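# Per-entry structural report
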Amino acid sequence: MNKSIGGKLVGLALTALVALSFAAPAAAQKTIKIGNVEPLSGPSASVGVQGKQAREMAIEEINAAGGIKSLGGAKLELVYADSKSDPTVGVTETERLINTEKVNIMTGCWNSAVTYPATQVAERYGVPFVVPVAVRDTITERGFKNVFRIAAKDSWWVRDQFRFLKDMQEETGQKMKTIAFVYENGDWGTGFAEKWRALAKQDGYEVVLDEPYPSTATDLTPVVNKIKSVNPDILMLVSNAADAIQLTNTLAELRVKPKVVLSSGGGHADPKFLENVGKNALNMFDEVEWNTDVNKPGVKEINAKFKQKYGYDLAGESVDAYAAMYAIADAFERAASTDPAKVRDALAATKLTTGPAMIVSYDGIEFDESGQNKNAGIVIVQVADVGGKLDRVSVWPKSARRAGYKPVFPAN
Amino acid sequence: MSRKQLDMTLLGLAGLLSFGLPLVISSPTYLQILILLFFYAYVTTAWNLVGGFAGVLPLGHSVFVGIGAYSSTILTLQYGVSPWIGMIVGGLLASGVGVLIGRPTLRMRGAYFALCTIAFAEGVRVMIENIDTLGPFKLNGPRGLLIPLKGDSFWNYQFMHKGPYYYIILIMLVLVLTLTWFISKSKIGYYLAAGGDEPEAAEALGVNVAKYKLMAMALSCFLTALAGTFYAQLMLYFYPKGLMGLDLSFEIAFIALIGGRGMIAGPLVGALALRPLNEFTRIYLGDQLPGLHLVIFGLILILVMLYQPKGLTPPLARLYGRLANRITGSDKSGHRTSSLKTTGQEGAQ
Amino acid sequence: MTAQIQAVLDGIMMGAMYGLTALGLTLIFGVMKVVNFAHGSLLMVGMFAAYWLIKLTGIHPYLALLIVPPFLFLFGYFLQDLVIKPVFKAEQQVREPLTVIIVTTGVWYVLDNLALMLFGAEYRTVRTAITGTSFSIGNVIVSVPKFSGFVVSLATAAGLWLFMRKTRTGKALQATSLDREAANLMGINQYRIYNLAFGIGTAIAGVAGCVIMPFYSVYPSVGVVFDIRAFIIVVLGGLGSIQGAMLGGLVIGLIESVFPLFMTSTWTEAIIYAIFLIILFVKPSGFFGHKQDW
């Protein structure tokens, strides 16, 4: 009978697995393990790798400065898992990091779609989870106790985008009337679009186009054609790396020139973007967590160090990951323990206003009761020709504007 | 002891071991690996009813997993219905859809049928990604559905530890294997076998091939959907591309093909061979060499198709047969061809 | 009105190129009766070949057309000879060569993931001499890379058609596709024909790769999207029919380009699948195919 063969094989295989599980090595404990789920391959690999590098740099610095002194100089150790931007993998890997690797704390995952369920896993097991960048509102709105986010959530991003538009119109006296939304139809894009609609109504714009598109589309000409046919004053975008490039180049190709183009970070903030679109991106506005010309002490030196090590500038995800590491170290220092509940409480009480973490564009990390960093802010930059090279120049909030730069508004 | 006694003893031992394992293994990660292994074995065995017994190649079966998951989850989230009940609803819905799509397609030739199933599965997936609400039901488009934590609760089909999940999927697997065995010995099994290889001959003999293929399809889809609910309750989160994508459909088909489609233990063998490979290459090689496990997968597939196109189970079964005969002193004729219980591919001659 | 004309024009140009991607597939399908699931991966290989060639030597994409297709021809020829032929031989008696289909799926997995291992997952683009350039006819803007792609696609289709009708080898290919036993009896070496068909099919994928590279990005799984489209086009147009492939491509291209004017572009994919299913139910042999009894 075939079933017996199957059964026998089940038995054999299971025995082998039992043996394996006993062979798993026990972990030593004079180090604090930080588990990180990042997209190290797949469409967001570029950002995932940057996040990894920033963490490594921070941990190196912290360990060199003596580690966690209240725990006898315990060193921090990073353990990584690749989410491939796939939520299912993210969930499985989070479980593995918590249950097998026995990490003391988790961070991750950049993609909101991955972070959302992964944080639930951590909450299930009572392990604190620090989210450097993953903007979906609901990540910190589920009443979880163990989830903390450094970056702003997407309702703040959207709010600031519209504030920027309002401020610029006031400053230049140029009124904009029509607005077009073009966004990738994943989690991130559709989340933004929902909020855009509400704010556009509030601010009295006429929405002439509301167009989700598949991020993996082979050809975005039909979408650009639609944009051209409605001729909006303002074009707002949410795109990943490849489609950001395609859209920008196709817009240039079809000679579509809205007065203002405002994107939302992500693909538009990717270092490869400018490389691949060149002059086509001139005068585009982008919204990011951070920019290289942020006027805070230490920015130039730390950015230079990162650039020297890894070959490109710091960006939003890397800065927030960097800051997250320092926030975690600070929490362990104050908790003086690796007990998850104590660490969690220490995180909740964070008031980090000094140290290398403060290269962020705002003045301190402090979490509210939902785990959201109260002070998190964003910066709007414009792609400009600075001395013959394309550069991203901070233009908003006005206090963050690079000295001597006059924003080009409208762009066309 | 006789051959038959040896077979039964080993079967009993394997059963004991499988049910006793969670008492020995405490690591949730390894339990999870086993759970997923049984999950894949289950889904593939259900697939086997169509892909093996009915002789066609469905490459879009993940759509039924999705139907199951979405049905039970929407009913739970929006109407507070227990997932167990939602599971049955999902199964019935999947069954209906399966029959609907099966009626025109099951009479097509192999490649066309395969392409149809792919097109249908992808079409449904794209549609769900585009729809946020379908009438009163919130589908949530590409963002998928998250099931809130409810603690340990059998009624809510949620547990804080892996143990209960392990037993549920193990029982489901045993049930579906038994069901497959019964079908293979029954009239339906023989009709399907005949219909798979020589449909014209079968029809000439008065067998309503189409009807039996549809029955197999309906049953297969029902069972597959149950697994969808299980998965949703295990992970507490799913989204269209992950659950209804081609990756899952193809993986199911590959497991059956490498294990041996048309054979009862084929999917199980395939799952045992391939799933640990998948998990371990991801864990140990994941960040260094992305994609390596799929390269290995593909190579294994090619090699098996080149040298053992009927899958790995026949040679393994023969090996077992020889060993078992050696041990019990039976001669070659001491066992009928019932030890090579194959149906579907070695059909009516 | 401009938007509609623009959409139709773009649809025609992209459609021709989609047809090109399907040409190789329909040839292999028609001659060998095999669904080559690895077709998308071959396209990916073609695109990467074009990418590296242009990136490392900076040659003009039109010149790449002279180098990449022959390279891909050899690649396809040997792939078929080493991997697929043995399986094919074993399956001669079986009515439907399902095992071959499975093997091609294995090849797809291997190729795509080898590319992933070797090149990483990032999306790469290359700036060629013609990238981003365009000319205008009135209010309508024509992209140069797409236009040249359009021309090359038509030329390739025409060339293939002539090859099949006018040359001895071409006729041998046709004969095999119509009735392989009879062709065999007429002295045509079946397996050499298969190798040839596969080689040519792959070479055409190479042409497609060169043509698409200037305006698109390449990454390891780029083949998957084109693959599914190519299958739909082949079924739409009829197995083994060159005109069918080009016409099918045109239909898909137009749908993709024109429908978004009336709905969001995310729905066009679902519509394409729906049309595909309808054709399969109503007229499975497609526009130009004959009723297949295989």
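Residues numbered from 1 in each chain as written. Chains lettered and ligands numbered in written order. Predicted model: local features only at pLDDT ≥ 70, side-chain atom pairs only at ≥ 80, totals over all residues.

## Some words on the overall build of chain C
A tally of regular secondary structure across chain C gives 11 helices and 2 strands. Along chain C, helices (α) and strands (β) appear in the sequence α-α-α-α-β-β-α-α-α-α-α-α-α when read from the amino end. Its C-alpha radius of gyration of 19 Å places chain C within 12% of the 19 Å reference for a compact globule of 294 residues. When contacts within chain C are restricted to residue pairs at least 6 apart in sequence, long-range pairs at least 24 apart make up 77% of them. (Helix = DSSP H or I, 4+ residues; strand = E, 2+ residues; numbered from the N terminus. Rg over C-alpha atoms; globule rule 2.2 N^0.38 Å. Contact = placed C-beta atoms within 7 Å.)

## Considering the overall build of chain B
Tallying secondary structure elements over chain B gives 14 helices and 4 strands in all. When the 349 residues of chain B are sorted by exposure, 58% land in the buried category. For chain B, restricting intrachain contacts to residue pairs at least 6 apart in sequence, the fraction spanning at least 24 positions comes to 76%. (Buried ≥ 20, exposed ≤ 12 C-beta atoms within 10 Å, placed from the backbone.)

## Some words on the interface of chain A and chain C
The interface of chain A with chain C comprises 28 residues on the first partner and 25 residues on the second. Those elements that place two or more of their residues in the side of chain A that touches chain C are helix 2 (45-64), strand 7 (206-213), helix 7 (221-230) and helix 8 (241-253) of chain A. By residue number, the principal contributor to the side of chain A that touches chain C is helix 7 of chain A, which donates 7 residues. Taken together, the residues of the side of chain A that touches chain C break down into 11 nonpolar, 11 polar and 6 charged. (Nonpolar A, V, L, I, M, F, W, Y, C, P; charged D, E, K, R; others polar.)

## Let's talk about helix 4 (residues 112-125) of chain A
Residue and element names in this part refer to chain A. In this model, helix 4 (14 residues) spans 20 Å end to end at C-alpha, consistent with the 20 Å of a helix rising 1.5 Å per residue. Counting buried positions along helix 4 gives 11 out of 14 residues, so the element sits mostly inside the fold. Looking only at helix 4, the buried set comprises Ser112, Ala113, Val114, Thr115, Tyr116, Pro117, Ala118, Thr119, Gln120, Val121 and Ala122. Directly after helix 4, the chain includes glycine 126, whose backbone phi takes a positive value near 75 degrees. (Expected span 1.5 Å × (residues − 1).)

## Concerning the packing of helix 5 (residues 110-130) of chain B against helix 11 (residues 266-282) of chain C
In the contact formed by helix 5 of chain B and helix 11 of chain C, the axes pass within 9 Å of each other and the chain directions differ by 150 degrees. The angle between the axes of helix 5 of chain B and helix 11 of chain C places the two elements in the roughly antiparallel class. Handedness of the helix 5 of chain B/helix 11 of chain C crossing: left-handed. Judged by residue contacts, Tyr112(B), Cys116(B), Ala119(B), Phe120(B), Glu122(B), Gly123(B), Val126(B), Met127(B) and Asn130(B) of helix 5 of chain B engage Thr266(C), Trp267(C), Glu269(C), Ala270(C), Tyr273(C), Ala274(C), Phe276(C), Leu277(C) and Leu280(C) from helix 11 of chain C. Residues that form the contact of helix 5 of chain B with helix 11 of chain C fall into these classes: 13 nonpolar, 3 polar and 2 charged. (Axes fitted to C-alpha atoms, helices over the stretch in contact; angles between N-to-C directions. Parallel < 35°, antiparallel > 145°, perpendicular 65-115°, else oblique. Left-handed = near helix turned anticlockwise from the far one by under 90°.)

## Brief notes about the pairing of strand 8 (residues 234-238) of chain A
Residues and elements named next belong to chain A. Extensive coverage of strand 8 is indicated by the burial of 5 of its 5 residues. Here strand 8 shows no split at all, with Ile234, Met236 and Val238 on one side and Leu235 and Leu237 on the other all buried. Across 4 bridges, strand 8 lies against strand 9 (residues 260-263) in parallel orientation. Along strand 9, the bridge assignment pairs isoleucine 234 with valine 260. Read as a crossover between parallel neighbours, the route from strand 8 over helix 8 to strand 9 is right-handed. (Pairing = 2+ DSSP bridges. Right-handed = clockwise from strand over helix to strand, strands pointing away.)

## Things to note about the confidence of the model for chain C
All names here are of chain C. Per-chain confidence: chain C averages 84 in pLDDT, with 95% of residues scoring 70 or above. Per-element confidence in chain C ranges from a low mean pLDDT of 75 for helix 7 (residues 180-185) to a high of 91 for helix 10 (residues 242-258). In the model output, the complex is listed with pTM 0.83 alongside ipTM 0.81. (pLDDT = per-residue confidence, 0-100.)

## A few points about the sheet that holds strand 9 of chain A
Residues and elements named next belong to chain A. Across the sheet, 7 strands lie side by side as 7-6-8-9-10-11-12; this open sheet has mixed pairing. This sheet does not close on itself; its edge strands, each paired only once, are strand 7 and strand 12 (389-396). Neighbouring strand axes in the sheet, compared pairwise and without regard to direction, differ in orientation by 25 degrees on average. In terms of strand pairing, strand 11 (residues 379-386) meets strand 12 through 7 bridges, oriented antiparallel. For alanine 384, the partnering residue across the bridge sits in strand 12 and is aspartate 391. Seen against the sheet, helix 7 touches strand 6 (178-184), strand 7 and strand 8 and runs at an angle of roughly 175 degrees to strand 7.

## Notes on the environment of Phe297(B)
As for its position among the elements, Phe297(B) is in helix 13 (residues 292-307). On a C-alpha basis, the gap between Phe297(B) and Ile255(B) in space is 9.9 Å, while along the polypeptide they are 42 residues apart.

## Looking at the nonpolar core
In summary, soluble globular proteins display a tendency toward joint burial of nonpolar side chains. Counting 346 residues, the largest nonpolar core has Tyr42(B), Ile169(B) and Ala197(C) as the members making the most contacts within it. Lining this core are residues from two domains, each supplying at least three of them: domain 1 (31-152 + 297-359) and domain 2 (155-288 + 378-400) of chain A. When sequence neighbours within four positions are dropped, the list of residues in contact with Ala197(C) reads Leu27(C), Ile28(C), Val31(C), Met32(C) and Leu173(C). (Core = buried A, V, L, I, M, F, W, Y, C linked by C-beta atoms within 7 Å. Domains from an automatic or database assignment.)

## Quick look at the confidence of the model for chain B
Across chain B, the average pLDDT comes to 82, with 90% of residues at or above 70. Predicted confidence is poor over residues 344-349 of chain B, with pLDDT under 50, and the contacts of this stretch with residues over four places away or in other chains come to 18 contacts.

## Re the sheet that holds strand 4 (residues 129-131) of chain A
Note on sheets: strands pair through backbone hydrogen bonds, and any given pair is parallel or antiparallel. All names here are of chain A. Spatial ordering of the open sheet is given by 2-1-3-4-5, a layout of 5 strands whose pairing is parallel. Strands at the two margins of the open sheet, each flanked by one partner only, are strand 2 (75-82) and strand 5 (147-149). The average angle at which neighbouring strand axes cross in this sheet is 25 degrees, direction not considered. With 4 bridges connecting them, strand 1 (residues 31-38) and strand 3 (residues 105-108) associate as parallel partners. Along strand 3, the bridge assignment pairs asparagine 36 with threonine 107. Where helix 2 meets the sheet, its contacts fall on strand 1 and strand 2, and the angle it forms with strand 2 comes to roughly 170 degrees. Sitting on the sheet, helix 11 (residues 316-335) touches strand 1, strand 2, strand 3 and strand 4, and the angle it makes with strand 4 is about 150 degrees.

## Digging into unusual backbone geometry
Residues and elements named next belong to chain A. Each neighbour pair has its own omega, and for glycine 108 with cysteine 109 the value is -10 degrees, a cis peptide bond. Structurally, the position occupied by cysteine 109 is in the loop between strand 3 and helix 4. The step from phenylalanine 409 to proline 410 runs through a cis peptide bond, and the omega angle for that step is 0 degrees. Inspection of the secondary structure assignment puts proline 410 in the segment after strand 12.

## Topic: the packing of helix 1 (residues 3-24) of chain B against helix 14 (residues 313-328) of chain B
Helices that pack against each other are described as a pair by the angle of their axes relative to one another and the distance between those axes. Residue and element names in this part refer to chain B. Across the interface, helix 1 lies against helix 14 with an axial gap of 9 Å and an inter-helix angle of 115 degrees. Helix 14 is crossed by helix 1, and the crossing has right-handed handedness. Contacts between helix 1 and helix 14 involve Arg3, Leu6 and Asp7 from the former and Ala324, Asn325, Ile327 and Thr328 from the latter.

## Observations regarding the environment of Gln120(A)
All names here are of chain A. With respect to the helices and strands, the residue glutamine 120 is situated in helix 4. By C-beta crowding, glutamine 120 is classed as buried, having 24 other C-beta atoms within 10 Å. Between the C-alpha atom of glutamine 120 and that of arginine 142, which follows or precedes it by 22 residues, the distance is 9.3 Å.

## Regarding the pairing of strand 1 (residues 134-137) of chain C
Residue and element names in this part refer to chain C. One ladder, built from 4 bridges, connects strand 1 with strand 2 (residues 140-143); its direction is antiparallel. Bridged to isoleucine 137 within strand 2 is valine 140. Hairpin connection between strand 1 and strand 2: a loop of 2 residues separates the two successive antiparallel strands, and glycine 138 in this loop has a positive phi of roughly 65 degrees.

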